[in-house]
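Coordinate inspection notes
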Amino acid sequence: MIACPVCRAPGPAPFLRVNGADYWRCGVCLATVLDPAHRLSAAQERAHYLTHENDPADPRYRAFLSKLADPLLARLKPGAEGLDYGCGPGPALAAMLREAGHAVALYDPFFAPDRAPLARAYDFVACTETAEHFHAPADEFDRLGGLLRPGGWLAVMTCFQTDDARFGAWRYRADPTHVVFYRAGTLRHVAAQRGWSCEIVRKDVALMRAPG
Ligand SMILES: [Zn+2]
Ligand SMILES: [Zn+2]
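Residues numbered from 1 in each chain as written. Chains lettered and ligands numbered in written order. Predicted model: local features only at pLDDT ≥ 70, side-chain atom pairs only at ≥ 80, totals over all residues. Heavy atoms only, no water.

1. Description of the pattern of salt bridges
Pairs can form between side chains of opposite charge whenever their charged atoms are close. Evaluated as defined, the whole model comprises 15 salt bridges. Between glutamate 81 and arginine 120 there is a salt bridge whose closest N-O contact spans 3.1 Å. Of the two residues, glutamate 81 sits in strand β4 (residues 81-85) while arginine 120 sits in the loop between β5 (103-107) and β6 (122-128), which places them 39 residues apart along the sequence. By relative accessible area, glutamate 81 is classed as partly exposed at 29%. Linking glutamate 140 and arginine 143 is a salt bridge whose minimum nitrogen-to-oxygen distance equals 3.9 Å. Separated by three residues within a single helix, glutamate 140 and arginine 143 lie in helix α4 (residues 137-146), roughly one turn from each other. A relative accessible area of 19% means that glutamate 140 is categorised as buried. Three or more residues are tied together by salt bridges with common partners; here these are Arg8, Asp139, Asp142 and Arg194. (Salt bridge = Lys/Arg side-chain N within 4 Å of Asp/Glu carboxyl O. Helix = DSSP H or I, 4+ residues; strand = E, 2+ residues; numbered from the N terminus. Buried < 20%, exposed > 50% of the residue type's maximum accessible area, 1.4 Å probe, protein only.)

2. Focus: the environment of tryptophan 153
With respect to the secondary-structure elements, tryptophan 153 resides in strand β7 (residues 148-157). Along the chain, tryptophan 153 and tyrosine 122 lie 31 residues apart, while their C-alpha atoms are 8.5 Å from each other. If sequence neighbours within four positions are ignored, tryptophan 153 has contacts with Leu72, Arg75, Leu76, Asp123, Phe124, Val125, Leu148, Leu207, Met208 and Arg209. (Contact = heavy atoms within 4.5 Å.)

3. Re the coordination of the zinc ion (ligand 2)
Protein coordination at the zinc ion (ligand 2) comes from His133 (NE2) and His178 (NE2), with a distance range of 2.2 to 2.3 Å. In this pair, histidine 133 sits in the loop between β6 and α4 while histidine 178 sits in the loop between α5 (171-174) and β8 (180-181), placing the two residues 45 residues apart along the sequence. (Donors = N, O, S within 2.8 Å, 3.2 Å for Na, K, Ca; no water.)

4. Concerning the packing of aromatic side chains
Overall, the coordinates contain 15 aromatic pairs when judged by the stated rule. In this structure, arginine 25 is placed above the aromatic ring of phenylalanine 15, and the distance from its NZ or CZ to the ring centre is 4.2 Å. (Phe/Tyr/Trp six-rings, centres within 6.5 Å; stacked < 30°, edge-to-face > 60°. Lys NZ or Arg CZ within 6 Å of the ring centre and 35° of its normal.)

5. Focus: the side chain of glutamate 132
Within the element layout of this structure, glutamate 132 appears in the loop between β6 and α4. Here histidine 133 takes part through its side chain, which lies 3.3 Å from a polar atom of the side chain of glutamate 132. Once residues within four sequence positions are removed from consideration, glutamate 132 is found in contact with Met157, Thr158, Tyr172, Thr177, His178, Val179, Val180 and Tyr182. (Polar contact = N/O pair within 3.5 Å; in protein donor to acceptor, adjacent residues only side chain to side chain.)

6. Focus: helix α3 (residues 92-99)
Counting buried residues along α3, six of its eight residues qualify, which places the element largely inside the surrounding structure. Along α3, the positions that sit buried rather than exposed are Ala92, Leu93, Ala94, Ala95, Met96 and Leu97. Considering only its buried residues, α3 is in contact with α2 (59-73), β4, β5 and β6. Of the residues flanking the end of α3, it is glycine 101, one or two places downstream, whose phi is positive at about 100 degrees.

Pasting the structure below:
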């Protein structure tokens, strides 16, 4: 791996081999990245996503999404306009934000592939359980930045990588569509590279903000 796909720094180092799959570690942003040779095909990824739990009416799933929705809603002005980037097959987060009075557009390369919503800017972009699936994270975060109005929020939820000793046995790692793992500091680095603020409001949730 020549450059880190998260921060573009040269020379990630071999980190761990698990069941024949190699993982790399960036010494600058501390991202952990699955070797591209071990990624699934797009068809395999799509089939796997359909097995994720994503029922908008499921109270447990709503409680899970509220970890991001509650702190984001606390910061939005009434009637804000946003985008659920990577909404998946059952856009539960969008439903929750709409119930709170906000407009929410959808984009997902597999399940809402119309790219028209990517041609404008928003007061907020929510990216829940999506960033760990990015094959080109730096390019994706650049694109997300282009979707933010001045002062706009980028709300990211992904399970933070913490304990290196547990990485091999970590269930989140074992999901074959999860190809990049972020520490809290990795997301701070992503934000700082683009001039955004970054608040880690709780474990696994970062609220980034473009300058106003
Ligand atoms: Zn990096
Ligand atoms: Zn996932």
